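In case you want the letters, here they are:
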Amino acid sequence: MAHFSFVSFFAQKRLTGRNKLSTINRGKEMRASDASSLIPQSHCLNVMKKMKIHYPQWSNQSSVGPIARREAKRAVLVQAISLTAEVCGQTLSAAAADMLASDLGDFDEEKVLAALARCRMELQGPLKMSDILTRIDDGRPDADEAWAMMPRSELASVVWTDEMAMAWGTVLPLLNVGDAGGARSAFRDTYAKAVLDARIRREPPHWTPSLGNDPAGRERALLEAVDKKRLSASHVEQLLPKRSITRSAQEIIAQVRIKNLC
């Protein structure tokens, strides 16, 4: 019996030792896995706040007054003009860049910046105001697009600007004698000058229809003008006879009206 008790005693000691080791190991694992929970939450928040200062933040423009917003936009435009002139091989004084920015102030800022980007890619000489104005997208087509829109016969219909109509009337005598190349070149020059003059006067494009004899061509030209917001849906509906207007045209006009209400 004594021998049995001695063996039992050592068996119990070994089990107790294993339990202690297991408990210690579990404690180490818990401390390792839960180490982050021992860091105070306030310290984590402070670290996160400090990290945010390294990233740019969008300014809340709604809290800025109209004068401050206008001055900020003016500063951006002045800098863009100066850099564009430099890329084109020209050095502008701060006063000259500010004067150009003032002259361009009536135009949409994003469209002026886009025109300056085109100048940087296309110009090979000093930057001029006319270079910027001819590249501003105010809704008028460029010279090549305008020429492609011109009616080639009495059947064709077109919705055009005042500058397109004027340039077309100027080159008709050349077309009548068969000089298509000369007519195209003259149209481009006349139209470009007329567009530049209109932009200097700050005149928006004025679109009017010139309808030919082909009913299908009339409908196609008018619906395209509605889709590009050159004519209103109500105006086009008045120009298309109710008896001849197709179902697809009616659906397009209805869709445009719904979009305008949204």
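Residues numbered from 1 in each chain as written. Predicted model: local features only at pLDDT ≥ 70, side-chain atom pairs only at ≥ 80, totals over all residues. Heavy atoms only, no water.

### Thoughts on the overall build of the protein chain
Thought 1: Summing up its helical and strand segments, the protein chain has 12 helices and 2 strands in all.
Thought 2: What you see in the protein chain, going N to C, is helices and strands ordered as α-α-α-α-α-α-α-β-α-α-β-α-α-α.
Thought 3: Relative to its 262 residues, the protein chain shows a buried fraction of 26%.
Thought 4: For the protein chain, restricting intrachain contacts to residue pairs at least 6 apart in sequence, the fraction spanning at least 24 positions comes to 64%. (Helix = DSSP H or I, 4+ residues; strand = E, 2+ residues; numbered from the N terminus. Buried < 20%, exposed > 50% of the residue type's maximum accessible area, 1.4 Å probe, protein only. Contact = heavy atoms within 4.5 Å.)

### Some remarks on the packing of aromatic side chains
Thought 1: Tallying each qualifying case throughout the model produces 3 aromatic pairs.
Thought 2: With a centroid separation of 5.8 Å and 5° between ring planes, the pair formed by phenylalanine 187 and tyrosine 191 is classed as stacked. Remark: tyrosine 191 and phenylalanine 187 occur in helix α9 (residues 180–200); sequence separation between them is 4 residues, near one turn of the helix.
Thought 3: A relative accessible area of 0% places phenylalanine 187 in the buried class.
Thought 4: By relative accessible area, tyrosine 191 is classed as buried at 2%.
Thought 5: Put simply, the rings of Trp147, Trp168, Phe187 and Tyr191 pair up and form one aromatic cluster.
Thought 6: The ring of tryptophan 147 carries arginine 152 above its face, with NZ or CZ at 4.7 Å from the centroid. (Phe/Tyr/Trp six-rings, centres within 6.5 Å; stacked < 30°, edge-to-face > 60°. Lys NZ or Arg CZ within 6 Å of the ring centre and 35° of its normal.)

### With respect to helix α8 (residues 162–176)
For an α-helix the count is 3.6 residues per turn, leaving residues at separations of three or four pointing the same way.
Thought 1: The end-to-end C-alpha distance of α8 is 22 Å, a good match for the 21 Å that 15 residues give at a rise of 1.5 Å each.
Thought 2: Threonine 170 marks where α8 bends most, by close to 35°; the proline proline 173 follows one to four residues later.
Thought 3: For α8, every residue scored as buried is listed here: Glu163, Met164, Ala167, Trp168 and Val171.
Thought 4: Looking at the buried positions of α8, the neighbouring elements they touch are α7 (143–149), β1 (158–161), α9 and β2 (207–210).
Thought 5: Of the residues one or two after α8, glycine 178 is the one with positive phi, at around 85°. (Expected span 1.5 Å × (residues − 1). Bend = angle between axes of the 7 residues up to and from the residue.)

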